[in-house]
Amino acid sequence: MRTIQFREAVAEAMSEEMRRDEAVYLMGEEVAEYNGAYKASKGMLDEFGPDRIIDTPIAEAGFSGIGVGSTMTGTRPIIEFMTFNFSLVGIDQIINNAAKIRQMSGGQFNCPIVFRGPTASAGQLGATHSQAFESWYANCPGLKVIVPSNPYDAKGLLKSAIRDDDPVIFMESEQMYGDKGEVPEAEEEYTIPIGKADVKREGSDVTIVSFGKIIKEAYKAAEELEKEGISAEVIDLRTIRPMDHETIIESVKKTNRLVILEEAWPFGNISTEITYQVQEQAFDYLDAPIIKINTADTPAPYSPVLLKEWLPNSEDVVKAVKKVMYK
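In short, a report on the structure. This one's a predicted model, so the numbers in the text were calculated from it and none came from an experiment.

### Regarding a negative patch on the surface
For step 1, the next point in the chain: A surface patch of like charges, here negative, comprises Glu30, Glu33, Asp46 and Asp55.
For step 2, the next point in the chain: Mapped onto the elements of the fold, glutamate 33 is located in the loop between strand 2 (24–28) and helix 2 (44–48).

### Quick notes on the side chain of threonine 255
For step 1, the next point in the chain: Structurally, threonine 255 is set in helix 9 (residues 245–255).
For step 2, the next point in the chain: On the accessibility criterion, threonine 255 (1% relative accessible area) is buried.
For step 3, the next point in the chain: Only 3.1 Å separates the side chain of threonine 255 from the backbone oxygen of arginine 257, close enough to count as a polar contact.
For step 4, the next point in the chain: Every residue in contact with threonine 255, bar those within four places of it in the chain, is listed here: Gly203, Ser204, Asp205, Val206 and Thr207.

### Brief notes about the packing of helix 8 (residues 215–227) against helix 12 (residues 314–324)
For step 1, the next point in the chain: Where helix 8 contacts helix 12, the two axes come as close as 8 Å, and the packing angle between them is 50°. The pairing of helix 8 with helix 12 is recorded here as oblique in orientation. Viewed along their axes, helix 8 and helix 12 form a crossing whose handedness is right-handed. Of the residues in helix 12, those touching helix 8 at Glu217, Lys220, Ala221, Glu224 and Leu225 are Ser314, Val317, Val318 and Val321.
For step 2, the next point in the chain: Of the residues contributing to the contact of helix 8 with helix 12, the split by class is 5 nonpolar, 1 polar and 3 charged.

### Topic: the sheet that holds strand 4 (residues 76–80)
For step 1, the next point in the chain: One open sheet holds the 7 strands; their spatial order is 3-2-4-5-7-6-12, and the pairing between them is mixed. This sheet does not close on itself; its edge strands, each paired only once, are strand 3 (53–55) and strand 12 (239–241). Pairwise comparison of adjacent strand axes, ignoring direction, gives a mean angle of 20° for this sheet.
For step 2, the next point in the chain: Judged from the 2 bridges that link them, strand 6 (residues 144–146) and strand 12 form a sheet pairing that is antiparallel.

### Comments concerning helix 7 (residues 151–163)
For step 1, the next point in the chain: With 13 residues, helix 7 extends 19 Å between its outermost C-alpha atoms, agreeing within 8% with the 18 Å of an ideal straight helix rising 1.5 Å per residue.
For step 2, the next point in the chain: Summarising burial for helix 7: 11 of the 13 residues are buried, a large majority.
For step 3, the next point in the chain: Within helix 7 the residues assigned to the buried category are Pro151, Asp153, Ala154, Lys155, Gly156, Leu157, Leu158, Lys159, Ser160, Ala161 and Ile162.
For step 4, the next point in the chain: For helix 7, the N-terminal cap is asparagine 150; the gap from its side-chain oxygen to the backbone nitrogen of tyrosine 152 is 3.2 Å.

### Digging into the pairing of strand 10 (residues 206–210)
For step 1, the next point in the chain: Of all 5 residues in strand 10, 5 are buried; the element is thus mostly enclosed.
For step 2, the next point in the chain: Taking every second residue as pointing to the same face, both faces of strand 10 are buried, with Val206, Ile208 and Ser210 on one and Thr207 and Val209 on the other.
For step 3, the next point in the chain: Two strands pair when backbone bridges link them, and strand 10 and strand 11 (residues 232–236) are joined in this way by 5 bridges, in the parallel orientation. For valine 209, the partnering residue across the bridge sits in strand 11 and is isoleucine 235.
For step 4, the next point in the chain: The parallel pair strand 10 and strand 11 is bridged by helix 8, and the resulting crossover is right-handed.
For step 5, the next point in the chain: Taken together, the 3 bridges between strand 10 and strand 13 (residues 258–261) define a ladder with parallel strand orientation. What sits directly across from isoleucine 208, in strand 13, is valine 259.

Thresholds applied
- Residues numbered from 1 in each chain as written.
- Predicted model: local features only at pLDDT ≥ 70, side-chain atom pairs only at ≥ 80, totals over all residues.
- Heavy atoms only, no water.
- Patch = residues over 30% accessible without salt bridge, like charges linked within 9 Å, V, L, I, M, F, W, Y side chains within 5 Å.
- Areas by Shrake-Rupley, 256 points an atom, 1.4 Å probe, with all protein chains shown as cover.
- Salt bridge = Lys/Arg side-chain N within 4 Å of Asp/Glu carboxyl O.
- Lys, Arg positive; Asp, Glu negative; His and termini not counted.
- Charge placed at Lys NZ, Arg CZ, Asp CG, Glu CD.
- Helix = DSSP H or I, 4+ residues; strand = E, 2+ residues; numbered from the N terminus.
- Buried < 20%, exposed > 50% of the residue type's maximum accessible area, 1.4 Å probe, protein only.
- Polar contact = N/O pair within 3.5 Å; in protein donor to acceptor, adjacent residues only side chain to side chain.
- Contact = heavy atoms within 4.5 Å.
- Axes fitted to C-alpha atoms, helices over the stretch in contact; angles between N-to-C directions.
- Parallel < 35°, antiparallel > 145°, perpendicular 65-115°, else oblique.
- Left-handed = near helix turned anticlockwise from the far one by under 90°.
- Nonpolar A, V, L, I, M, F, W, Y, C, P; charged D, E, K, R; others polar.
- Pairing = 2+ DSSP bridges.
- Expected span 1.5 Å × (residues − 1).
- Right-handed = clockwise from strand over helix to strand, strands pointing away.

Next comes the structure, spelled out in structure tokens:
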């Protein structure tokens, strides 16, 4: 094993798949000459050239559509958005074309494409650059949605996403690109299956489900709770759609309590879906109501003081766990 940054894991995954399959190419704003807005494609232009690492104008609808159309000629594009906030400009291409080509062509065409880039808040970037759209895309049949939380998962899941024959939304975080973590040596091939959650920390008293960068707050909370004799099991969803309900249900059957931590607005989100699935499949195992922790129900503030209050944190998780344990 070796330690690399999150951005390096992303670059390695894309580069390895481009070496493996000449049909794979990368397209987006500043992915080539600038090595990526967050340096997640560093060195790729030098290796693969301008025909496969393609800089675009600021025109998400245009290059999203080009990518979707190109899949019907046999290519496997990776489309990078500088942030998923900008994907809204091209969302018609994603929802009305990429997600529906297989069905509307009667199975004659699939759409092997990956849309990737950062999601959710990244500090003081303002309301229009601090939004989490995982639940938007997960709501659409035909799309797979992945949100990794560390370099190991990012590399393994991105390789699987690039090889997948259906469109995949791959969401990262601007605040995680510098995070370091262990991955296998470069010559060791590995992938992670799409649709499988990971129990990052085993416990017996309460289940905490989260994903993406906000899961770090769940880890902090679990450590604090352990000091008070409370054993928290932490599950990283990794894949939002298809969702691994089985891992969550089995954990709840063991712990009898569930807290969900998600960096998203509280109405109609991933936490809501998990809550429904658990009450339907494991209601009799619950010893307390499920608590979901989300951002405040407002656009993200710019003020650092307000932003701190807007975002969920480990203290919120500790309070929620104690509440479901009646402590």
